[in-house]
Amino acid sequence: MGEEQPAIYYFTGPSRRAIEHNPHLEYFRKNNLEVLFLHDPVDDFVMAGLGEHEGKRFVSIDEAELAELQDEATPKDALPEDELTPVLDFIKATLGDQVSEVRASRRLVDSPACLVSPEGMPGNLQKLMRQLNQDFKGMPKILEINPGHELTRHMAHILKADAQAPMLKELAEQLLENCLLVEGLLEQPERMVDRIQSLMTRAASREAEAITPQAG
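Just so it is clear, the structure is predicted and the values come from calculations on it, not from any experiment.

Draft legend 1. Up close: the sheet that holds strand β3 (residues 52-53). Pairing is mixed in the open sheet, where four strands are placed in the order β2-β1-β4-β3. The open sheet has two edge strands, β2 (35-38) and β3, and neither has a second partner. Direction of pairing for strand β1 (residues 7-12) relative to β2: parallel, over a ladder of four bridges. Considered in β2, the bridge of Y9 is made with V35.

Draft legend 2. Quick peek at the packing of helix α4 (residues 81-95) against helix α7 (residues 166-183). Direction vectors running N to C along α4 and α7 enclose 80°, while the axes themselves pass 9 Å from each other. Classified by the angle their axes make, α4 and α7 are roughly perpendicular. Only L168, K169, A172, E173, L175 and L176 of α7 make contact with α4, whose side of the interface consists of F90, I91, T94 and L95. Here the contact of α4 with α7 is built from residues that sort into seven nonpolar, one polar and two charged.

Draft legend 3. How the structure looks around α4. Taking 1.5 Å per residue, 15 residues should reach 21 Å; α4 reaches 21 Å between its end C-alpha atoms and fits that length. Of the positions making up α4, those classed as buried are L84, V87, L88, F90, I91 and L95. For α4, the angular spread of buried residues about the axis comes to 160°, placing them on one side. For α4, the exposed residues lying more than 90 degrees away from the buried face are E81, D82 and A93. Buried residues in α4 make contact with β5 (99-104), β7 (141-145), α6 (150-161) and α7. Looking one or two residues beyond α4, the residue adopting positive phi is G96, at roughly 60°.

Draft legend 4. Up close: unusual backbone geometry. Although it is not a glycine, N32 adopts a positive phi angle of roughly 55°. When you line up the elements, N32 lands in the loop between α2 (26-30) and β2. A residue is classified by how much of its surface remains accessible, and N32, at 68% relative accessible area, is exposed.

Draft legend 5. Structural view of the state of the cysteines. Applying the stated criterion across every chain yields a total of zero disulfides. Of all cysteine sulfurs, the one in C179 lies closest to C114, which takes part in no disulfide; the gap is 6.4 Å. For C179, a relative accessible area of 6% puts it in the buried group.

Draft legend 6. Representation of the sheet that holds β7. Taken in spatial order, the three strands line up as β5-β7-β6 in an open sheet, and their pairing is mixed. Edge positions in the open sheet fall to β5 and β6 (113-116), since each of these has one partner strand only. The sheet shows a mean angle of 25° between the axes of neighbouring strands, direction not considered. In the sheet, β6 pairs with β7 via four bridges, with the strands oriented antiparallel. By the bridge assignment, L115 is partnered in β7 with L143.

Quick notes on the rules
- Residues numbered from 1 in each chain as written.
- Predicted model: local features only at pLDDT ≥ 70, side-chain atom pairs only at ≥ 80, totals over all residues.
- Heavy atoms only, no water.
- Pairing = 2+ DSSP bridges.
- Helix = DSSP H or I, 4+ residues; strand = E, 2+ residues; numbered from the N terminus.
- Axes fitted to C-alpha atoms, helices over the stretch in contact; angles between N-to-C directions.
- Parallel < 35°, antiparallel > 145°, perpendicular 65-115°, else oblique.
- Contact = heavy atoms within 4.5 Å.
- Nonpolar A, V, L, I, M, F, W, Y, C, P; charged D, E, K, R; others polar.
- Expected span 1.5 Å × (residues − 1).
- Buried < 20%, exposed > 50% of the residue type's maximum accessible area, 1.4 Å probe, protein only.
- Arc of directions from axis to C-beta.
- Disulfide = S-S within 2.5 Å.

This is how it looks when you write it as structure tokens:
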């Protein structure tokens, strides 16, 4: 890594391929920052005992309060606050205590959402603890929403037009479960499949209506 990089960033996951496709890397790719990929089951335990190396701190990139993100500029195409806040509030109300907070993200570039870990509990460590003890309940994560993503814009538009639209609730739940799936933490995939099929059916119905020639 370059000498100007302030910390040794790392990320743990089930495999290299899984890590490479994780949304948490988007900010670091964008800013040409090096990240260690760690995919051995014991890596989280090892990293918990390593504070720094040659004066550089070890920092997990899924930490909620990454200091490096504080000065990150808001995306040019981000929703204005008066349109974004109702979306964040709706998602939190829908998901309840499944997440500790729903907030705008400064780390996402292309993805609509990601989960970040509360201080002291990296995501992969929660998964490992659950494997060791099925009754283990980790702290709820923080759901970050990309304020400039097209999906966020669509949700804001639907919410403004009809706050009771059934699709809004499904989209909020799907966003969370997409993130859980990426993190390897999804516990009930059958619920996700049913919801995806419902969303696909409605999307296909609208597309079919749009391309059907009008009589007369």
